[in-house]
Amino acid sequence: SAKRSGRNQWCYFHQSQDESSPERLRLEADIHQAVKRQEFELHYQAQFSACGRRMNGTECLLRWQHPERGMVSPGEFIPLLEETGLIAEVGIFVIEQACRSIRGWREQGLPEDFSVAVNISARQLSDEYLLSETERLMEAYDVPPGMLELELTETSLMEEPTHARRLFEGLRAIGVRIAIDDFGTGYSSLNYLREFAPDILKIDKSFVDPIVESTRDRDLVAGIIQLAHTLRIKVVGEGIEEEAQRAILEEVGCDWIQGYLLARPQPITEFEQLMVDYGVIQGDTVQTSP
Ligand code: C2E
Ligand code: MG
Ligand code: MG
Ligand code: MG
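Below: a short report on this structure. (Residues numbered from 1 in each chain as written. Chains lettered and ligands numbered in written order. Predicted model: local features only at pLDDT ≥ 70, side-chain atom pairs only at ≥ 80, totals over all residues. Heavy atoms only, no water.)

1. Describing the coordination of the magnesium ion (ligand 3)
What counts here: With water omitted from the atoms examined, metal sites may look incomplete; donors here are N, O and S atoms no farther than 2.8 Å from the metal, or 3.2 Å in the case of Na, K and Ca. The cut-offs for exposure are 20% and 50% of the maximum accessible area for each residue type, with area from a 1.4 Å probe on protein chains only; residues under the lower value are buried, those over the upper are exposed, and the others partly exposed.
Surrounding the magnesium ion (ligand 3) are the protein donor atoms Asp-181 (OD), Asp-182 (OD), Glu-238 (OE) and Glu-238 (OE), at 2.2 to 2.5 Å. Mapping the donors of the magnesium ion (ligand 3) onto the primary sequence yields the spacing D-D-x55-E. Between the two metal centres, the magnesium ion (ligand 3) and the magnesium ion (ligand 2), the spacing is 4.0 Å, with Asp-181 acting as a shared donor. The buried category is assigned to Asp-181, whose relative accessible area is 6%. Judged by relative accessible area, which is 25%, Asp-182 ranks as partly exposed.

Here it is in structure tokens:
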């Protein structure tokens, strides 16, 4: 690979240098330690009905509390987990935490129509244990069908269509709901909407951002919602930061919304207080924090 044109050589060099930079190698060493030392935890971002008054679910978002650097963002460490193959183990950890939370909250009165969503990355689609582990954990924590939701991006579906298809069938059989995350940012193929028949589409923040200023963008989002509803798919608007965006989404029939306007991702203790405030669990029982 050394015998390349000048331009390619530069690219090659540039790339390998990037991947072996001291900074990068350090993080890679640290992430192995992180798994052993259990430095990962979940934060929870609430999901609401479009009117903003009813909390109907939550998304689990992974956090890495690095001993020296503090909080490392998932944008930085998820790719590392994928490249090192650690994502399989950490992915199961996330599903177990989600199932454990569901069991704890149900003991505090959480209704069964509340959904708890977990993100799955492309690499996990080919993990042969993902399905059986999910099934085992749902049984162990007595999770009713429909409460656990897995979010997959459209990009990962296009990258791993065969694995995705098999996984979808398996997940459906054990009562796990499937959401397409960041909808609109990948290929947005109508073919996979037909073929995979997801339960939920999450419209990416970049589509929601301009809907107040631009009627064209508003119409596009309205059209996506109509299409989804025709296929009996529910829609979540992501990244809602302004009241004006919320109002428009409610008007065009968006089912659920998520964003800083209503709630940021929070550590479990604070999130449970929010659940109490919205009346989805009772307050004066024991904490469920692990
Ligand atoms: P995502 O699944 O699309 O999650 C939404 C991201 O947008 C989250 O970032 C969330 O904190 C952020 N967000 C939510 N509302 C707003 C808003 O109103 N404004 C803005 N500016 N941002 C908002 P976060 O937590 O940094 O996660 C980034 C991505 O990392 C996630 O995107 C997801 O793809 C991935 N990720 C997070 N946790 C996991 C995990 O457990 N497993 C896997 N495989 N991926 C994960
Ligand atoms: Mg997500
Ligand atoms: Mg998203
Ligand atoms: Mg995203």
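Read on, since the account is not over.
2. A few points about helix H12 (residues 243-251)
Heads up, the rule is: Strands here mean DSSP runs of E at least two residues long; helices mean DSSP runs of H or I at least four residues long; both are numbered from the N terminus. Here, the arc refers to the directions that run from the helix axis to the C-beta atoms. Contact definition: two residues touch when any of their heavy atoms are within 4.5 Å.
Regarding H12, the residues found buried are Gln-245, Arg-246, Ile-248 and Leu-249. Angular distribution of buried residues about the axis of H12 spans 165 degrees; they occupy a single face of the element. Looking at the buried positions of H12, the neighbouring elements they touch are helix H10 (205-208), helix H11 (215-230), strand S8 (234-237) and strand S9 (256-257). Positive backbone phi, at 90 degrees, marks Gly-253, one or two positions downstream of H12.

3. Considering the pattern of salt bridges
Put simply, the test is: Salt bridges are defined as contacts in which a side-chain nitrogen from Lys or Arg sits within 4 Å of a carboxyl oxygen from Asp or Glu.
All told, the structure shown has 14 salt bridges when counted by the stated rule. Arg-37 serves as the salt-bridge partner of Glu-39, at 3.7 Å between the closest nitrogen and oxygen. Assessed through its relative accessible area of 53%, Arg-37 is described here as exposed. A salt bridge links Arg-165 to Glu-195; the nearest nitrogen and oxygen atoms lie 2.5 Å apart. Of the two residues, Arg-165 is situated in helix H8 (residues 161-173) and Glu-195 in helix H9 (residues 190-196); the sequence distance between them amounts to 30 residues. Judged by its relative accessible area of 34%, Arg-165 falls in the partly exposed class.

4. Some remarks on the coordination of the magnesium ion (ligand 2)
The protein atoms that coordinate the magnesium ion (ligand 2) are Glu-59 (OE), Asn-119 (OD1), Glu-151 (OE) and Asp-181 (OD), at distances spanning 2.0 to 2.2 Å. Counting gaps between the donor residues of the magnesium ion (ligand 2) yields the pattern E-x59-N-x31-E-x29-D.

5. Brief notes about unusual backbone geometry
The phi torsion at Asp-142 lies on the positive side, around 55 degrees, for a residue other than glycine. Phi at Ala-197 is positive, roughly 40 degrees, even though this residue is not glycine. Here Ala-197 lies in the loop between H9 and strand S7 (200-203). Its relative accessible area of 35% is what places Ala-197 among the partly exposed residues.

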